[in-house]
Amino acid sequence: MASLELDGVTKTFRDDGDRIVAVDDFSLDIADGEFLVLVGPSGCGKSTTLRIVAGLESATAGDVRLDGESIADRRPQDRDVAMVFQDYALYPHMTVRGNMRFGLEESTGMSDAEIDDRVEEAAALMDITELLERKPAELSGGQQQRVALGRAIVRDPAAFLMDEPLANLDAKLRAQMRTELQRLQEDLDATTMYVTHDQTEAMTMGDRIAILNDGKLQQVGTPLECYHEPANLFVAGFIGEPSMNFFELSLGDEGLTSEAFTYPLSEETRAAVAGADRVVLGVRPEDVDLVPERTDAHDYEVVVDVVEPMGDRQNVYLTFEPDADEPETFVAAVGGMASVRAGDRVVARLPEEAIHLFDASDGTVLRNRSLDAVEETELRTEPE
Ligand code: ATP
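Quantities reported herein were computed from a predicted structural model and do not represent experimental measurements.

Asker: How would you summarise the pairing of strand 14 (residues 278-283) if you had to cite specific residues and measurements?
Answerer: Here is the key point about a regular strand: its side chains alternate between the two faces of the sheet. Taken across its six residues, strand 14 has five buried, putting it largely inside the fold. Summarising the sheet, strand 11 (residues 245-252) and strand 14 pair through six bridges and their orientation is antiparallel. Paired with Asn-245 across the strands is Val-283, a residue of strand 14. In this sheet, strand 20 (residues 356-359) lies alongside strand 14 in antiparallel orientation, the contact comprising four bridges. Residue Val-279 lies in a different strand from strand 20, and its bridge partner there is Asp-359.

Here it is in C-alpha cells:
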C-alpha cells in the first residue's frame, strides 16, 4: 500500500458561462494504511475530489501523489488505485468471475493460473465463492456490492477509492457492511479514501475524517476530535445526530443574552469570547440535562414541545416560548425510561463546561467544550 497526497487540488466547471468551483485548494495527506473518510453535504465536491484522484476527472490546479510520486498525468488504469462506485458498475454480460478477472487481464501480464488464484482468494475473502458463475442480474444489491469490492481487492492496488459504496443498501445491510469493510480494511492494511454524505459512516469507519463544505476543507481529525473540538459552526452542526443545538446571542455585561434567556459566563469563558459581538452558543443534545429544580445559573424553565422515543433514549424537544406560533426548540437526549411528556414544564440545564461558542460573524470556534469530563470517562472504560 502507499501514502496518498492531495496538494492544492482545485476543480472549476463552466456551466452556462458561470464558473463553479467544485473543489477549492484542497490539500490532504493520507498515511499508508489509513482509512480516510471524506464527508460533507450533497454537492460539496466529494465525488469530484475522488474522481480527480482516480484520474476520471482532471484537476484545474494542484497535484495528486502516491508515495510521493505525482500520478496527475497518468491514465486511470496506470494509477494503481481501485475505485468502488455507489452503483457497483459491474459488466452485466459477464459472470462474477469474468468481472473480477477483467481488470487483471487488461492491465497486467499475469498468467491465467495466477489470475484464477487471485480471483479465488478475493472471492473467499468477500464470501462470494458460490456466486462466481452468476451474472450481476442474478445477485441481490448486497451481493453485487461484495462483487464490486472483490473486483477492487483482486487488483491489490496501492489505494482504494470508494464513492458512497453502501448508499444503495438497506439500513441493516449497510450497518453490517460497515463493520465488514472496516475489518477488511484492517486485514488488508489498505490505504482508503472513502466518500460519504452520511456522518454516521464517517464517525464509525474513519481513522480520520475530512469534512468538506462548498468545495473547501473545513477540518481534518479523528472522529472524536471533530465531534468534541469542531473548528467551526459548520462542522459542529454537521457531525452528531441529533445535531448540536445553536442559540445566537449578544455579548453583554451579564453574559450572553437573547430575548428568551441570559447565559452568565465565568471569567475564563468570557475571556475566550472577548471582542466578539454576536456569539453562537452550541450545546449537544446529550449535554442538556433535565434536572428536578433550578439550582444553577445555567438552569432554565422550559416546556416540552415534542417527545421522540427512540427506545434506548428519547429526544425531547424543549422551548422557552411555548405560546409562540412557531416556537424555537432545542433538543435534549435523555434516557429511554425517563418519564417526560409533551406539555410538561421542566428545568433544562446547559452546563457551562459542555458548551461551545462560535463567532456569529464567520462561524469560527471561540471556545470548545471542556474535555476533562470526557477523558475521565474514557479512562474509566479502559481494560484493567
Ligand atoms: P453528492 O453527494 O450529491 O454526490 P458531491 O459532494 O459528490 O455531491 P460533486 O458531485 O463533487 O459533489 O459536485 C460538486 C459541485 O460541482 C456541484 O455543485 C456540482 O453541481 C458541480 N459539478 C460536478 N460535476 C460537474 C460537471 N461535469 N459540470 C458542471 N458542474 C459539475
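Asker: If you had to explain the sheet that holds strand 1 (residues 4-15) to someone new, which residues and values would you point to?
Answerer: With antiparallel pairing, four strands are arranged side by side in an open sheet as 2-1-4-5. Each having just a single partner strand, strand 2 (18-30) and strand 5 (69-70) make up the two edges of the open sheet. Seen against the sheet, helix 1 (residues 46-54) touches strand 1, strand 2 and strand 4 (61-66) and runs at an angle of roughly 115° to strand 1.

Asker: A description of the pattern of salt bridges should follow, citing residues and the corresponding values.
Answerer: Here the structure, examined in full by the defined rule, presents 17 salt bridges. The salt bridge partner of Arg-51 is Glu-57, with a shortest N-O separation of 3.4 Å. For Arg-51, a relative accessible area of 30% corresponds to the partly exposed category. Classification of Glu-57 as partly exposed rests on a relative accessible area of 21%.

Asker: Just give me the short version of the site of the ligand, but keep the residues and values in it.
Answerer: The full set of residues close to the ligand is Phe-13, Ile-20, Ala-22, Pro-41, Ser-42, Gly-43, Cys-44, Gly-45, Lys-46, Ser-47, Thr-48 and Glu-164. Between the ligand and the protein, one listed contact pairs an oxygen atom with a backbone N or O atom of Gly-45 at 3.0 Å. In isolation the ligand exposes 640 Å². Once the protein is present, 61% of that is buried. Of all the secondary-structure elements, those providing two or more residues to the shell around the ligand are strand 2 and helix 1. If you tally residues by element for the shell around the ligand, the top one is helix 1, at three residues. Taken together, the residues that form the shell around the ligand break down as five nonpolar, five polar and two charged.

Asker: Kindly report on unusual backbone geometry, identifying the contributing residues and their values.
Answerer: In this model, Glu-241 is joined to Pro-242 through a cis peptide bond whose omega is -5°. Relative to the helices and strands, Pro-242 resides in the loop between helix 8 (233-238) and strand 11. Phi is positive for Asp-16, close to 55°, though the residue is something other than glycine. Tracing the backbone through its elements, the reader meets Asp-16 in the loop between strand 1 and strand 2. With a phi close to 50°, Asp-25 is a non-glycine residue in the positive phi region. Looking at where Asp-25 falls in the secondary structure, it is placed in strand 2.

Asker: Break down the packing of helix 2 (residues 96-107) against helix 3 (residues 112-125) for me, citing the residues and quoting the values.
Answerer: As a packed pair, helix 2 and helix 3 sit with axes 10 Å apart at the nearest point and diverge in direction by 130°. Judged by the angle between their axes, helix 2 and helix 3 are oblique. Of the two possible hands of crossing, helix 2 and helix 3 adopt the one that is right-handed. On helix 3, the residues touching Arg-97, Met-100, Arg-101, Leu-104 and Glu-105 of helix 2 are Asp-112, Ile-115, Asp-116, Arg-118, Val-119, Glu-120, Ala-122 and Ala-123. Considered class by class, the residues forming the contact of helix 2 with helix 3 number six nonpolar, no polar and seven charged.

Asker: Please provide a residue-by-residue account of the state of the cysteines, values included.
Answerer: Enumeration according to the criterion identifies zero disulfides in this entry. No disulfide involves Cys-44; its nearest neighbouring cysteine sulfur is the one of Cys-226, lying 14 Å away.

Asker: Explain the domain arrangement of the protein to me, using residue names and the numbers behind them.
Answerer: Assigned domains of the protein: these are domain 1 (4-234) and domain 2 (243-373). The C-alpha centroid of domain 2 is placed 39 Å from the C-alpha centroid of domain 1. Contact residues are listed per partner, giving seven residues for domain 1 and twelve residues for domain 2. Carbon and sulfur atoms make up 61% of the area that domain 1 and domain 2 hide from each other, which totals about 870 Å². Among the residues domain 1 hides against domain 2, the three largest losses belong to Tyr-227, His-228 and Leu-233. Together they make up 63% of the total. Applying the counting criterion to the domain 1 and domain 2 interface returns zero salt bridges. Where domain 1 packs against domain 2, one counts five residue pairs in polar contact (both at pLDDT 80 or more).

Scoring rules and cut-offs
- Residues numbered from 1 in each chain as written.
- Predicted model: local features only at pLDDT ≥ 70, side-chain atom pairs only at ≥ 80, totals over all residues.
- Heavy atoms only, no water.
- Buried < 20%, exposed > 50% of the residue type's maximum accessible area, 1.4 Å probe, protein only.
- Helix = DSSP H or I, 4+ residues; strand = E, 2+ residues; numbered from the N terminus.
- Pairing = 2+ DSSP bridges.
- Contact = heavy atoms within 4.5 Å.
- Axes fitted to C-alpha atoms, helices over the stretch in contact; angles between N-to-C directions.
- Salt bridge = Lys/Arg side-chain N within 4 Å of Asp/Glu carboxyl O.
- Near = heavy atom within 4 Å.
- Polar contact = N/O pair within 3.5 Å; in protein donor to acceptor, adjacent residues only side chain to side chain.
- Areas by Shrake-Rupley, 256 points an atom, 1.4 Å probe, with all protein chains shown as cover.
- Nonpolar A, V, L, I, M, F, W, Y, C, P; charged D, E, K, R; others polar.
- Parallel < 35°, antiparallel > 145°, perpendicular 65-115°, else oblique.
- Left-handed = near helix turned anticlockwise from the far one by under 90°.
- Disulfide = S-S within 2.5 Å.
- Domains from an automatic or database assignment.
- Buried area = accessible area lost by both parts, 1.4 Å probe.

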